[in-house]
Number of protein chains: 4
Amino acid sequence: MKLKTVGIKNIALPVSIQKKTGNRLETVASISLYVKMPRHYRETCVSTFIRVLNKYQDEINVRIFSQLLDEVKTELEAESAHMEMTFPFFLEKQAPVTRTTSLMEYKCRFTAAVADKKDFILGIWAPITTLCPCSKEISQYGAHNQRGEVNLNVRFKKSIWIEDIIALAEAGASSQVFALLKRPDEKFVTEQAYNNPMFVEDVVRKVAEMARANPNISWFSVGMESFESIHKHSAYAYLESAPAP
Amino acid sequence: MKLKTVGIKNIALPVSIQKKTGNRLETVASISLYVKMPRHYRETCVSTFIRVLNKYQDEINVRIFSQLLDEVKTELEAESAHMEMTFPFFLEKQAPVTRTTSLMEYKCRFTAAVADKKDFILGIWAPITTLCPCSKEISQYGAHNQRGEVNLNVRFKKSIWIEDIIALAEAGASSQVFALLKRPDEKFVTEQAYNNPMFVEDVVRKVAEMARANPNISWFSVGMESFESIHKHSAYAYLESAPAP
Amino acid sequence: MKLKTVGIKNIALPVSIQKKTGNRLETVASISLYVKMPRHYRETCVSTFIRVLNKYQDEINVRIFSQLLDEVKTELEAESAHMEMTFPFFLEKQAPVTRTTSLMEYKCRFTAAVADKKDFILGIWAPITTLCPCSKEISQYGAHNQRGEVNLNVRFKKSIWIEDIIALAEAGASSQVFALLKRPDEKFVTEQAYNNPMFVEDVVRKVAEMARANPNISWFSVGMESFESIHKHSAYAYLESAPAP
Amino acid sequence: MKLKTVGIKNIALPVSIQKKTGNRLETVASISLYVKMPRHYRETCVSTFIRVLNKYQDEINVRIFSQLLDEVKTELEAESAHMEMTFPFFLEKQAPVTRTTSLMEYKCRFTAAVADKKDFILGIWAPITTLCPCSKEISQYGAHNQRGEVNLNVRFKKSIWIEDIIALAEAGASSQVFALLKRPDEKFVTEQAYNNPMFVEDVVRKVAEMARANPNISWFSVGMESFESIHKHSAYAYLESAPAP
């Protein structure tokens, strides 16, 4: 039977996210909510979505998704209910030498679905620096480097921390990106990048190896876009693990 | 065997598009090009992409895609080669009463792939007006209406005109959108919308029926986003035909 | 003497905003910070900006701006220091008939400067509905309406509430926009819009009158963009009060 | 007397631009058109804008602006009429060593006004590479570099070529950006950037010096944004010549 998708997009809501430190992060999420259903659209769909979102808005977190989506799915007699929640996540990072702390922002997305089974994907986007192996090899001195962005999405068995997925994504870099660096830190990241040249495909392969080695991760996809400093276009690479069982 | 995706994104090129009238439209496309390959990434990938694009840039059109992608696929010994080309398409429309002509812009996308078989999808985004059935029913006078956007993607058997796919998408509207309307035209579209209320799901269903009835279309997907005039969020609906053979 | 501008753009930080209800809103701001200086650029500029932002990040609010900007201005021996902070603001609104509450999002911006004098501008963007007077006049039934956005910026004498400036901007609408409306509410806003047709210039004029009548407002600018439901383009109007003393 | 601004935004039109080579570039422009007037808004404003744009659409070029704006200004009895036209401009560049040609895209904007006098500003945005002097100085090897963007706006006496303004903006770079580079070219730009470290303020100062030395340029403003490879934020600088007479 063919399914129709009906939903709402781009609702902004303040949300509260649990951090590894035990604190809560107050941030703002952009939320989309939709169902797949065989029956004709009833205009109460949209009202249902808003009403349910408003009901749970003070406790939007990972555990509440199943409940919220179950409620929507049941009330609309749908085949499945889906939710996407995208928000900026903040992490205190320490500069590599001076240990100066500063706040880094990472885009984060929760993608949840309730059908026969429940599904949940955690995705993050981490800015990194990459330095070009070819440029280093052929040049007497220097090597072009640039900002890049790693997108890592995972399905997991037990619970997982956003912070750990961010760390995994950043591990693929020539060097990491920081909000605040003092001179000893800037020297460190410059030399580290030079010693650690990576093509986009190298970054993706490295992150994939680490994700594969993590027993808690049952599925992942990793993509990397490099905003080339010497070219107008972006280069990118993408890799996905075997489908989740 | 697991495939890696490697490519380039966001190359802008002037392109020339064949119109139904026989004229050519000169416009500017944003192009992404990538391959899926089992082997290790060779840094000549990116050079290959740019070199091949530059070679064909004066003749970028639908027929040249297969050739361009075949060349990329062969040279990089890839499993498949893919290209996405997005550009603004211009159509002269006639206002419904006064027949005043004006130029309307539609976003258009060609998605091509070469693997064992060739694949080509034509997609367009058309702005439309929708008027809410519920609002009309419960109000003594007036009814809220708003801008919406229909995205129709098709696979086809013989060749197909962009203009015809645009017309198909616009047929699902409460009333169409025009660049220039005189008073008799504005009266016409206002009353037409009032007589033709559509929920997002109604629009999608109507366009789907017409696409299904077109013997040249072998597969389609239709989505509609409505930028609600009385709400902050968007409503949307989506529907897809059975998978292409 | 010619001044050079040097700064940083697009730093994201969690911030805490005082609400009229007495509660605090936790949200995320995008911050830009820059100075105008006659002397040669010293690379410690950027470090200064980040360091000072990080110092005040737990208490970012209106009163702290002067202090933060004074510190930046003094340390860099600049002519002036400037800061722009843009964030989503949330307000609980009650539907006009059923009084159902829902959360509405408004873009908000603080623009502060410290030179010889201090300057502060509060800006908000409010979504509204407008209904076209011409369409109503010439049509037997119905009238095209659409989403629009009012941007109101003010300088004020004593303190001012974001909520009050939002209310002022929304007062120019054919009818307001809500997150959640039940049938009696939808009937109300549909009929209210029909009874209250406004061109973009009417909206701007009405908001300007109300701003002018507010003794606490020393300067304002009001702009309105209407995302026409029957046209592809936007219409807009803008008006500014006499320069602030 | 207080003026109201009324206009339309974001009309897309195919346009034809004269190139220095003698050829014409076919591209697509986004156009905004508005007037400042003391009198009450007449809804024919928007119709006038669209009608006049449609009239001139086949010959949109620099000389036609005065005529188009004069017509709008006269018909609406406005104090002044203004137009902004933004489009991608394409230039064939030759790689520095192998002289391989490839097409580079630059954002370009014409800003025209007709009041008591005529006014015209040509603006371009050029991507460049910058290498950080501090990073080079403190590191044993390597130096962080990144993509940046220079925005140069000029008023001029006689006619001026877009190509010449682009060349002026690119001259401020550590090294230029190209679409296609072969190994000898990549070596060249990597070493050139290393030998030519520039802070954002250095770029802006260099471009300003060259603009000031050009007798055809009566006014300019130059801004530069650097998308730091080791930081999350952007750094930027801005400088403007004395006001035009």
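Residues numbered from 1 in each chain as written. Chains lettered and ligands numbered in written order. Predicted model: local features only at pLDDT ≥ 70, side-chain atom pairs only at ≥ 80, totals over all residues. Heavy atoms only, no water.

With that settled, consider the overall build of chain A. Within chain A, the regular secondary structure consists of 6 helices and 9 strands. For chain A, the spread of C-alpha atoms along the principal axes amounts to about 70 × 40 × 35 Å. By residue count, 61% of the 245 residues in chain A fall in the buried class. Taking all contacts inside chain A whose residues are at least 6 apart in sequence as the whole, residues at least 24 apart take part in 63%. Of the roughly 9,600 Å² of accessible surface on chain A, a fraction of 50% belongs to carbon and sulfur atoms. (Helix = DSSP H or I, 4+ residues; strand = E, 2+ residues; numbered from the N terminus. Buried < 20%, exposed > 50% of the residue type's maximum accessible area, 1.4 Å probe, protein only. Contact = heavy atoms within 4.5 Å. Areas by Shrake-Rupley, 256 points an atom, 1.4 Å probe, with all protein chains shown as cover.)

Moving on: the pattern of salt bridges. Tallying each qualifying case throughout the model produces 48 salt bridges over all chains. With a shortest N-O distance of 2.6 Å, A:Arg205 and A:Glu201 are connected by a salt bridge. Residue A:Arg205 and its partner A:Glu201 are located together in helix H6 (residues 200-212), separated by 4 residues, close to a single helical turn. Since its relative accessible area comes to 1%, A:Glu201 is described here as buried. The partner of A:Asp202 in a salt bridge is A:Arg205, and the shortest N-O contact between them spans 3.0 Å. One end of the pair, A:Asp202, and the other, A:Arg205, are both in helix H6, 3 residues apart, so they sit about a helical turn from each other. Each of A:Lys4, B:Glu201, B:Asp202 and B:Arg205 takes part in salt bridges that share partners, so that together they form one network. (Salt bridge = Lys/Arg side-chain N within 4 Å of Asp/Glu carboxyl O.)

Every contact between the two is made by 30 residues of chain C and, on the other side, 30 residues of chain D. Carbon and sulfur atoms supply 60% of the area buried between chain C and chain D, which totals about 2,800 Å² over both sides. Our count for the chain C to chain D interface comes out at 4 salt bridges. Among the ionic pairs, D:Lys9 bridges to C:Glu225, the shortest N-O distance being 3.5 Å. Linking chain C with chain D are 8 residue pairs in polar contact (both at pLDDT 80 or more). Broken down by element, the residue count for the side of chain C that touches chain D peaks at 8 residues, all from strand S1 (residues 4-18) of chain C. For the side of chain C that touches chain D, the residue count by class is 14 nonpolar, 7 polar and 9 charged. (Buried area = accessible area lost by both parts, 1.4 Å probe. Polar contact = N/O pair within 3.5 Å; in protein donor to acceptor, adjacent residues only side chain to side chain. Nonpolar A, V, L, I, M, F, W, Y, C, P; charged D, E, K, R; others polar.)

Considering the arrangement of structural elements, one finds A:Asp58 in the loop between helix H1 (44-56) and helix H2 (62-75). Among the residues examined, A:Asp58 registers a relative accessible area of 73% and is labelled exposed.

The transformation that overlays chain D on chain A combines an axial shift of 0.0 Å with a rotation of 180 degrees, and the residual RMSD is 0.0 Å. Both copies of the chain, as the preceding transformation shows, are related through a two-fold rotation axis. Looking at chain D, 100% of its interface residues are interface residues in chain A too, so the copies touch through the same face. (Least-squares fit on C-alpha atoms with pLDDT ≥ 70 in both.)

This brings us to the relation of the copies chain C and chain D. Each copy of the chain is related to the other by a rotation around an axis and a translation along that axis. When chain C is fitted to chain D, the residual RMSD is 0.0 Å, and the transformation amounts to a turn of 180 degrees plus an axial shift of 0.0 Å. Counting the interface residues of chain C, we find that 100% of their copies in chain D are interface residues as well, pointing to one common contact surface.

Here the focus is helix H5 (residues 183-194) of chain B. Across its 12 residues, H5(B) extends 17 Å between first and last C-alpha, which sits within 8% of the 16 Å expected from 1.5 Å per residue. Looking only at H5(B), the buried set comprises B:Asp185, B:Glu186, B:Val189, B:Thr190, B:Glu191, B:Ala193 and B:Tyr194. Its buried side turned inward, H5(B) meets strand S5 (118-131), helix H3 (133-138) and strand S7 (175-176) of chain B together with helix H3 (133-138) of chain C. (Expected span 1.5 Å × (residues − 1).)

With that settled, the discussion passes to the interface of chain D and chain A. Many analyses report the size of an interface as the accessible area lost when the parts associate. The interface of chain D with chain A comprises 39 residues on the first partner and 40 residues on the second. Summing both sides of the interface, chain D and chain A together bury roughly 3,300 Å²; the carbon and sulfur share of this comes to 52%. Three residues stand out in chain D for area buried against chain A, namely D:Tyr141, D:Ile230 and D:Lys232, and they jointly supply 20% of the buried area on that side. Joining chain D to chain A, the criterion identifies 2 salt bridges. With a shortest N-O distance of 3.3 Å, A:Arg183 and D:Glu137 are connected by a salt bridge. For the side of chain D that touches chain A, the secondary-structure elements that each account for two or more residues are strand S4 (101-114), strand S5 (118-131), helix H3 (133-138), strand S6 (145-156) and helix H5 (183-194) of chain D. The greatest single-element share of the side of chain D that touches chain A, amounting to 7 residues, is contributed by H5(D). Split into classes, the residues belonging to the side of chain D that touches chain A amount to 16 nonpolar, 14 polar and 9 charged.

Turning our attention to the pairing of strand S9 (residues 234-240) of chain B. Residue and element names in this part refer to chain B. Counting buried positions along S9 yields 5 of 7 residues, so the element is predominantly enclosed. Strand direction decides the pairing type here: strand S8 (residues 217-226) and S9, joined by 6 bridges, are antiparallel. Across the sheet, residue Val222 finds its bridge partner in S9, namely Leu239. (Pairing = 2+ DSSP bridges.)

Any two aromatic rings considered together are summarised by their centre-to-centre distance and by the angle between their planes. Applying the stated criterion across every chain, the model contains 28 aromatic pairs over all chains. Aromatic ring contacts, followed pair by pair, group A:Phe65, A:Phe87, A:Phe110, A:Phe120 and A:Phe156 into a single cluster. Looking at B:Arg155, its charged tip hangs above the ring of B:Trp219, at a distance of 4.7 Å from the centre. Between C:Lys19 and the ring centre of C:Phe89, over which it is positioned, the NZ or CZ distance is 5.4 Å. (Phe/Tyr/Trp six-rings, centres within 6.5 Å; stacked < 30°, edge-to-face > 60°. Lys NZ or Arg CZ within 6 Å of the ring centre and 35° of its normal.)

Right, let's talk about the confidence of the model for chain A for a bit. With 95% of its residues at a pLDDT of at least 70, chain A reaches an overall mean of 87. Within chain A, the lowest mean pLDDT, 79, falls on H1(A), and the highest, 96, falls on helix H4 (residues 162-170) of chain A. (pLDDT = per-residue confidence, 0-100.)

Next up on the list: the environment of C:Arg212. Inspection of the secondary structure puts C:Arg212 in helix H6 (residues 200-212). Residue C:Arg212 is classed as partly exposed on the basis of its relative accessible area of 47%. For C:Arg212 and C:Ser241, which are 29 residues apart along the polypeptide, the C-alpha to C-alpha distance reads 7.9 Å. Dropping the residues within four chain positions of it, C:Arg212 is found in contact with C:Phe220, C:Leu239 and D:Lys2.

Residue and element names in this part refer to chain A. As assigned here, chain A comprises domain 1 (1-86) and domain 2 (117-245). Placing the centre of domain 1 and that of domain 2 at their C-alpha centroids yields a distance of 30 Å. Contacts between the two partners involve 8 residues from domain 1 and, on the opposite side, 6 residues from domain 2. Taking both sides of the interface into account, the surface hidden between domain 1 and domain 2 amounts to around 600 Å²; carbon and sulfur atoms contribute 67%. Applying the counting rule to domain 1 against domain 2 returns 2 salt bridges. At the junction of domain 1 and domain 2, the tally comes to 2 residue pairs in polar contact (both at pLDDT 80 or more). Elements that contribute at least two residues to the side of domain 1 that touches domain 2 include exactly strand S1 (4-18) and H2. Here the side of domain 1 that touches domain 2 gets 4 residues from one element, more than from any other, and that element is H2. Looking at side-chain class alone, the side of domain 1 that touches domain 2 contains 3 nonpolar, 2 polar and 3 charged residues. (Domains from an automatic or database assignment.)

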